[in-house]
Amino acid sequence: MSDMTRILLVDDEKRILKTFSMLLGDLGYHVKIASDGYSALTLVTDETFDIVFLDQFLGTINGLDLMKLMSEINPDLYYVIFTANGSANLAVESLRKGASDFITKPFFVADLIRSIDFVGKKRELDRQKKEMLSTLEVKVTEKENELRQIYFSVLSSLAQTMEKKDTGTYGHCR
């Protein structure tokens, strides 16, 4: 992803927020932090982010529930869930509910960079998919219109043929 990737880090451990926001900021990423769900929702409402790194356990709300609320505000966000209490079941559930990646604590900056790159590739593939679907929709619409014209021409030819055969039905077919 580009160096101006906008990242929101959401964790109730201020030490993690401070450390990783400084490290990612030094690498050229635009980083904002939130230590609770309410602050995170406010930031997502007021600003645009490319990736949200969410701790699964935030006290009053869990990361998956917060991810759902954020998606209602901005459906184009991509999420990475991280937690110290990782399990295969939680990882699968996170991915099923829309997270792009899952990281277990403790993690390193290299883990975040790898995840940012992974999400960047996923975003690009999603963009290409949308573009291809849009192109496909246009082509399908063009073919539908072409088939309608052919269908109308065939019906018109049949109607003219019927009217030539029986002059008493002249004009009725139209």
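To keep things clear, this report deals only with the structure shown in the data block. Quick caveat, the model's predicted, so the values are computed rather than measured. (Residues numbered from 1 in each chain as written. Predicted model: local features only at pLDDT ≥ 70, side-chain atom pairs only at ≥ 80, totals over all residues. Heavy atoms only, no water.)

1. Some words on the nonpolar core
Ranked by size, the top nonpolar core spans 23 residues in total, and within it Leu 8, Val 10, Val 52, Leu 54, Leu 66 and Met 70 carry the most contacts. When contributions to this core are tallied by element, the ones reaching two or more residues are β1 (6-10), α2 (37-46), β3 (51-55), α3 (63-73), β4 (78-83) and α4 (88-96). Setting aside anything within four residues of it in sequence, one finds Val 52 in contact with Leu 8, Val 10, Met 70, Leu 77, Tyr 78, Tyr 79 and Val 80. Counting 18 residues, the second-largest nonpolar core is a separate cluster that includes Leu 9, Ile 103, Leu 112 and Val 119. (Core = buried A, V, L, I, M, F, W, Y, C linked by side-chain atoms within 4.5 Å. Buried < 20%, exposed > 50% of the residue type's maximum accessible area, 1.4 Å probe, protein only. Helix = DSSP H or I, 4+ residues; strand = E, 2+ residues; numbered from the N terminus. Contact = heavy atoms within 4.5 Å.)

2. A look at the side chain of Ser 94
The topology assignment puts Ser 94 in helix α4. Dropping the residues within four chain positions of it, Ser 94 is found in contact with Leu 64, Met 67, Ile 81, Ala 99 and Phe 102.

3. Quick look at the environment of Ala 88
Here Ala 88 shows up in helix α4. Looking at Ala 88, the relative accessible area reads 58%, which means it is exposed. Along the backbone, Ala 88 and Phe 102 are 14 residues apart, and their C-alpha atoms lie at a distance of 10.0 Å.

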